[in-house]
Structure formats: C-alpha cells, structure tokens
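# Structural description and commentary
Each chain is listed here by its residues.
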Amino acid sequence: MPRIYLSSPHIGPDEEGLVREAFATNWVAPLGPHVDAFERELASYVGIGHAAALSSGTAALHLALRLLDVGPDDEVICSSLTFSASANPIAYQGARPVFVDAERATWNLDPVLLAEELERSAKRGKLPKAAVVVDIYGQSADWGPIKAACARYEVPIVEDAAEALGATFDGCKCGTFGKLAVFSFNGNKIITTSGGGMLVSDDKSLVDRARFLATQARDPAPHYEHSEIGFNYRLSNVCAAIGRGQLRVLDERVAARRRVFTRYQQAFADLPGITFMPEATGGKGGQSTRWLTCVVVDEEAFGASREDVRAALVARDIEARPVWKPMHLQPVFRAGAHQARVVGGAVAEDLFARGLCLPSGSNLKDAELDEIIDVVRACRR
Ligand SMILES: *Cc1c(COP(=O)(O)O)cnc(C)c1O
C-alpha cells in the first residue's frame, strides 16, 4: 500500500477550471477577480462582514497582531496546546507570549485560568494587549466565558480558526468570535489553496487596513509613497481560484472528516484505554470539523503506549503524530530572547504525552481506514 498521510489535499471538480480561467484571462498575478470573489464567498460562508485573502494563516495572524498595535513590552495571551504558527507572530511583533493551559472539555484555552490570569494582570496594572485563542483540531473553544473574561478587561481576541473552517459554536461559525479571526489554506488543512490564509472581521476599517499593510503599505500617489512599514502578504489570483473551488466542497469535506472520526470511534468502541477528543462546546451545542481525529491512549488500560501505537503505524508507512507539543514546553519559548510565561500547563502536557492524531483526510479510502484500524487494534497486548 502507498503511504497514508495524516491529511492530504483533496481537490474537487471545479478547481482546475477556475485556475484555467485565471490563465485564460492572464490574471496570473497577486490579486485579481478570483481574490475578490474568494474573499466575498468566504465571508458569506462564515457569516462575517469582511475578509482579506493572504499568503498564509501565519501572515494573517501577524497582521492581526499588527492591527491591534501589539509591540515590544506587550504581553499576549495564547493557547499553549497549538501549532507554533499561533505563537510565532507574537514574537515577530517583539511581544511576550503568556501561554495558558488547555481544559479537558474542549482541549482549548481554559476559561477559568484565563479569567484568573486577567484578574492578576489587572491588579499588576499590566493587562495583555491581545489574546490569541485557538479552535484546536477543529473543535471550538468555549467562547461564552472566554469572550466574557476578555470583554471585562477589554482585551481584544484574535481567533485562530486555522483548523476550524466549517466548525460551529452556539449557532455561529468559528471565525466569528474574535475582533479578528484567521483561517489557513495550507495543504494539510480542511480546504487548501496550496498555501494561503484569510483574515476576517466585522470591522471593515481593520480589514481595509490589513489589505493596505499586506500590499507593501503603499500610500495613494502615482509614485511609490510609504509612510509605514508594509508587508507582501497578499494571495495570488491563481491560488484564490483553487480556494473558490474548494469552498464549494467545504461542507462535504467537513462531513467526510466527521465520518472518518465516527468510523474510528465505532472501530475502537470495545477497546479499553482508547478515548477520543471530546466534542464539547459548553452545553451550547456545536460541531467540530474533526480536522484530525485525536485519541488518548491509556497505556495501562490499553496494554500499549501512545508511542507503541505510533511506532506500529509508522512501520506500516502510516503517518500518525503526537498531539501538538505545548508551546510552553518548546525550547524557543522556555529561555532566551523569546522566553514566555505560562499559566498552568499540566493538561496540555498530559495530552501531548498520551494523545495521538490519526490519519483523517477527507479522501481516505475505506481500505486505508481498515488497515489503520487493524494496526491500532493489533497493538493491544
Ligand atoms: C496551520 C495553522 C496555522 C498557520 O497557517 P499557515 O497557513 O500554515 O501559515 C496557524 N494556527 C494553527 C492552529 C494551524 O493549524
């Protein structure tokens, strides 16, 4: 069998035609009509006012922090259980991350620890400049108490919904819970543009300013005039064409990933010591994208460790990875120029120690799922 990937691109019926149209009209440039349409269509899908298509989710996060005037001497709250791209832009802006532990119910930022940290910061007289809150693996954070705590201290939220395009919480789509939110269209995400991202907000002035900064901050003039430092962060019209096609199949892709999850859940239902990432949204109801199916392996009950299972899968050329290594354990944030603070940490550490991400692509074949399931089941001693 060929290698089975954790999450590989899954192209729909329309992408190639849309890209061909970009070539036929010679819009093989950054920006163009597909970019404008992709922004409108994504904003409409998410149910948000405005969107700026960018070269990556990381670029979108960087611009979000720049728009919120995050700078040196500032602190920025960030989920600890996440990919480094959530946290790196804090360092790009010269600010210091304050990593907050996950809660068991959602694996996302713990609202209780957040509220305590904000209270302490207020007493110290140094509130964080912003909070980057992640919807990890496509599971919405518990937005009710998170929004309430941040609103109380007027700390603006950047929602990192890179893995959660199509997820919902309390009747709204992920990407609508912060002052700004970001999506990623990297090759391994739910939909891809082969690389790209989107910054969204209901505040038109913020998104307009993001577009300005992302196109080298060119002031209106016939010559090139600059009164600010800009970036080259816009998406190409060719990539946006792919994105438009992918948006048309997005709901199918989410449904397929959820079916993969259900398949694993049924296949492992009789196995003691294998538990799944919960789908909990604070009682308000919501749906995860199940971007990746994650399990926690209890070595004693299951009879094999997470590493035993991972090694067995890798030996069969099946890609499986530990759950994200928490940011507060990353060498780059533990000491030196980018040393961060941490609030709690034990939950994220436990999920990293025992959690495993299984192949979860929307294009996985039944035979591939069967093989993965067989390998996991055979690990049981
Ligand atoms: C993928 C990802 C990003 C970064 O997106 P890119 O488009 O790869 O730059 C940010 N945050 C999270 C949680 C991600 O999974």
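Residues numbered from 1 in each chain as written. Predicted model: local features only at pLDDT ≥ 70, side-chain atom pairs only at ≥ 80, totals over all residues. Heavy atoms only, no water.

For the rest of this paragraph, the subject is the sheet that holds strand 5 (residues 157-160). Overall, mixed pairing links the 8 strands, which are arranged 1-9-8-5-4-2-3-14 in an open sheet. In this open sheet, the two strands that pair with only one neighbour each are strand 1 (50-54) and strand 14 (341-343). Strand after strand, the sheet turns through a mean of 20° between neighbouring axes, direction not considered. Across 3 bridges, strand 5 lies against strand 8 (residues 180-184) in parallel orientation. Paired with aspartate 160 across the bridge in strand 8 is valine 182. Sheet strands in contact with helix 2 (residues 33-46) are strand 1, strand 8 and strand 9 (197-201), and its direction is about 130° off that of strand 1. Docked against the sheet, helix 3 (residues 57-67) engages strand 1, strand 4 (130-134), strand 5, strand 8 and strand 9, running at close to 165° with respect to strand 8. (Pairing = 2+ DSSP bridges. Helix = DSSP H or I, 4+ residues; strand = E, 2+ residues; numbered from the N terminus. Axes fitted to C-alpha atoms, helices over the stretch in contact; angles between N-to-C directions. Contact = heavy atoms within 4.5 Å.)

It is worth spelling out helix 4 (residues 84-92) at this point. Residues of helix 4 that are buried: Ala85, Ser86, Ala87, Pro89, Ile90 and Ala91. Turning to helix 4, the residues buried within the fold contact helix 3, strand 2 (75-79), strand 3 (96-100), strand 4, strand 5 and helix 12 (331-334). After helix 4 finishes, the residue glycine 94 shows a positive phi value of roughly 75°. (Buried < 20%, exposed > 50% of the residue type's maximum accessible area, 1.4 Å probe, protein only.)

Quite often, the size of an interface is put as the accessible area lost when its parts meet. Per the domain assignment, the segments of the protein are domain 1 (15-250) and domain 2 (251-378). For domain 1 versus domain 2, the separation of C-alpha centres amounts to 24 Å. Facing the 47 residues of domain 1 at the interface are 44 residues of domain 2. Carbon and sulfur atoms make up 59% of the area that domain 1 and domain 2 hide from each other, which totals about 4,000 Å². The largest share of the area that domain 1 buries against domain 2 comes from Phe99, Trp107 and Tyr137, three residues that together contribute 21% of it. At the surface where domain 1 touches domain 2, the tally comes to 3 salt bridges. Between glutamate 75 and arginine 341 there is a salt bridge; the shortest N-O distance is 2.8 Å. The interface formed by domain 1 and domain 2 holds 27 residue pairs in polar contact (both at pLDDT 80 or more) in total. Every element with two or more residues in the side of domain 1 that touches domain 2 is listed here: strand 2, helix 4, strand 3, helix 5 (111-124) and strand 6 (168-169). For the side of domain 1 that touches domain 2, the element with the most residues is strand 3, which contributes 5 residues. (Domains from an automatic or database assignment. Buried area = accessible area lost by both parts, 1.4 Å probe. Salt bridge = Lys/Arg side-chain N within 4 Å of Asp/Glu carboxyl O. Polar contact = N/O pair within 3.5 Å; in protein donor to acceptor, adjacent residues only side chain to side chain.)

With that settled, the discussion passes to the sheet that holds strand 6. Sheet architecture is open: 3 strands sit in the order 7-6-11, paired in antiparallel fashion. What marks the edges here is a single partner per strand, and that holds for strand 7 (172-173) and strand 11 (286-287). For strand 6 and strand 7, the ladder comprises 2 bridges, and the chain directions are antiparallel. Looking across to strand 7, one finds that phenylalanine 169 is bridged to cysteine 172.

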